[in-house]
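# Structural characterization, general
If you want the building blocks of each chain, they are given just below.
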Amino acid sequence: TMATNAAFPPYEYKEGEEFKGIDVEIAAAIAEYLDMELEIADVEFGSIIGGVQSGKFDMGMAGMTVTEDRLQNVNFSSTYATGVQVVIVKEDGAVQSLDDMEGVKIGVQQDTTGHIYASDTPEKGGYGEDAVIAYKTGADAVQALITDKVQCVIIDNEPAKAFVEANKGLKILDATWVEEEYAIAIAKENTELLEKINGALDAGLEVGVYFYSQAITTEEAIEEANFVMEQVQRYDITFPIVYDWEITEADNARTSNIAPYTVTECAAAFCDT
Ligand code: GLN
């Protein structure tokens with residue numbers, strides 16, 4: 001069983017009764033690779049770690065950032081994606097840059113790293129607890145921004161993009177607040193599952209998601225492209241994990257100058273069809 005909080009598009013969300021998203025796809029691919037059956041429990045983000053710790057859930061996967069505090073309670077797999085905390089604001093609102101954040105109300109999702117960092121003291125780069133209002137989901141925080149209960153929302157970049165696309169009049173500030181790594185939480189005792197999951201990730205799962213969540217213009221992405229092809233050839237990989245991956249001609253042109261394989265070739269190697 002995987003515990004998640006299915007209100008974090010594109011990593012996890014629901015379409016009707018069905019769970020969708022990058023984490024859901026990766027979990028399914030891992031389960032298939034390990035010949036296990038995947039069940040998903042949709043819980044509050046803040047109860048994922050506790051549930052994993054107590055053995056109620058086998059793993060927690062929710063675009064979850066590796067932090068020192070969380071490592072006290074659970075183990076984390078190898079990281080499979082990078083997240084960036086960004087700031088969503090109203091297009092014509094009070095906050096137009098990071099310098100405008102003093103004295104405004106900041107919306108966050110309860111128990112997330114955005115919440116934790118934002119409520120820290122100013123000496124530690126935060127804005128203090130009084131400045132922060134925590135909501136159950138990122139969507140609730142964004143709703144509070146729309147109705148002027150807060151003047152900005154601090155949240156991970158990919159969900160931020162999804163929320164801004166879905167709501168007119170919002171934008172993301174052109175500034176990176178904090179960069180972080182996502183990984184799968186597993187109970188400390190369950191080292192067997194940890195090793196298995198890392199084995200599956202090593203076999204190439206990391207890569208497709210990396211491409212999805214990052215601009216593929218960076219040198220790192222090119223390195224990943226080479227890594228994908230190596231893994232594909234070595235293990236005969238056919239994980240269908242290239243999720244909603246929109247590849248443009250421009251992407252291919254860029255990578256073909258510097259990498260031996262185009263992005264489309266890498267994607268094709270990962271897809272059965
Ligand atoms: N990456 C953030 C965290 O781990 C937010 C995750 C989420 O809201 N699902 O706290």
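Residues numbered from 1 in each chain as written. Predicted model: local features only at pLDDT ≥ 70, side-chain atom pairs only at ≥ 80, totals over all residues. Heavy atoms only, no water.

### Comments concerning unusual backbone geometry
Rules: Per the convention used, a helix needs a DSSP run of H or I reaching at least four residues, while a strand needs a run of E reaching at least two, with both numbered from the N terminus.
With omega at 0°, the peptide bond leading from proline 9 into proline 10 counts as cis. Topologically, proline 10 is positioned in the loop between strand E2 (7–8) and strand E3 (12–15). Backbone geometry places aspartate 111, a non-glycine residue, at a positive phi of 70°. Relative to the elements of secondary structure, aspartate 111 occurs in the loop between strand E9 (106–109) and helix H4 (113–118).

### Things to note about the sheet that holds E3
How we decide: The pairing criterion for strands is at least two bridges between them, as found by DSSP.
Here three strands make up an open sheet; going across it, the order is E2-E3-E4 and the pairing antiparallel. In the strand order of this sheet, the two ends are held by E2 and strand E4 (18–20), each with one partner.

### Quick word on the side chain of glutamine 85
The cut-off we apply is this: In the analysis that follows, any N or O atom pair within 3.5 Å is treated as a polar contact, provided that within protein one partner can donate a hydrogen and the other can accept it, and provided that, for residues neighboring in sequence, both atoms belong to side chains. Note on definitions: a residue-residue contact is assigned when non-hydrogen atoms from the two residues lie within 4.5 Å.
Within the secondary structure layout, glutamine 85 lies in strand E8 (residues 81–90). Of note is the side chain of glutamine 85, whose polar atom sits 3.1 Å from the side chain of threonine 113. Non-local contacts of glutamine 85, meaning those with residues more than four positions away in its chain, are made with Thr113, Gly114, Ile154, Ile155, Asp156, Thr176, Trp177, Val178 and Glu180.

### Brief notes about the confidence of the model for the protein
Short version of the rule: pLDDT expresses how confident the predictor is about each individual residue, on a scale running from 0 to 100.
Overall, the prediction assigns the protein a mean pLDDT of 81, with 74% of residues at 70 or greater. Scored below 50 in pLDDT, residues 235–247 makes 44 contacts in the model with residues more than four places away or belonging to other chains. The low-confidence segment residues 254–261 (pLDDT under 50) makes 15 contacts with residues lying over four places distant or belonging to another chain.

### As for the side chain of glutamine 109
With respect to the helices and strands, glutamine 109 occurs in strand E9. Beyond its immediate chain neighbours, meaning those up to four positions away, glutamine 109 contacts Asn5, Phe8, Phe45, His115, Tyr135, Lys136, Thr137 and Gly138.

### Quick look at the pairing of E8
Consecutive side chains of a regular strand alternate in pointing toward one face of the sheet and then the other. The criterion, for reference: When accessible area is computed with a 1.4 Å probe and restricted to protein chains, residues below 20% of their type maximum are described as buried, those above 50% as exposed, and intermediate ones as partly exposed.
Extensive coverage of E8 is indicated by the burial of 10 of its 10 residues. Here E8 shows no split at all, with Ala81, Gly83, Gln85, Val87 and Val89 on one side and Thr82, Val84, Val86, Ile88 and Lys90 on the other all buried. Note that E8 and strand E13 (residues 178–182) share five bridges and pair antiparallel. Pairing of threonine 82 across the sheet is with glutamate 181, part of E13. Sheet analysis places E8 next to strand E11 (residues 152–156), joined by five bridges and oriented antiparallel. Looking across to E11, one finds that valine 87 is bridged to isoleucine 154. Relative to strand E12 (residues 170–172), E8 runs antiparallel, the two sharing three bridges. What sits directly across from lysine 90, in E12, is leucine 170.

### Things to note about the sheet that holds strand E7 (residues 74–76)
Pairing is mixed across the open sheet formed by five strands, whose spatial order is E5-E1-E6-E14-E7. Edge positions in the open sheet fall to strand E5 (40–42) and E7, since each of these has one partner strand only. Pairing of E7 with strand E14 (residues 185–187), which is carried by three bridges, proceeds in the antiparallel orientation. Across the sheet, phenylalanine 76 pairs through a bridge with alanine 185, a residue of E14.

### Re the pattern of salt bridges
Put simply, the rule is: We count a salt bridge whenever a side-chain nitrogen from Lys or Arg sits within 4 Å of a carboxyl oxygen from Asp or Glu.
Under the defined criterion, the tally for this structure stands at five salt bridges. A salt bridge links lysine 20 to glutamate 15, with the nearest nitrogen and oxygen atoms 3.2 Å apart. Owing to a relative accessible area of 43%, glutamate 15 belongs among the partly exposed residues under this scheme. One salt bridge connects glutamate 192 with lysine 196, and the closest N-O pair in it is separated by 3.6 Å.

### Digging into the environment of glycine 63
Mapped onto the secondary structure, glycine 63 falls in the loop between strand E6 (59–60) and helix H3 (68–71). Between the alpha carbons of glycine 63 and threonine 82 there is a distance of 9.0 Å; along the sequence they are 19 residues apart.

### Remarks on the site of the ligand
In plain terms, the rule: Here, proximity means that at least one heavy atom of the residue falls within 4 Å of the molecule or strand. Using a 1.4 Å probe, the Shrake-Rupley method yields the accessible areas, and only the shown protein chains count as cover for residues.
Among the 13 residues in the neighbourhood of the ligand, the closest are listed as Ala62, Gly63, Gln109, Thr113 and Asp156. Here a nitrogen atom of the ligand sits 2.8 Å away from a polar atom, N or O, in the main chain of glycine 63. Here glutamine 109 contributes a side-chain N or O atom positioned 2.8 Å from an oxygen atom of the ligand. For the ligand, whose free accessible area comes to 290 Å², the fraction covered by protein is 100%.

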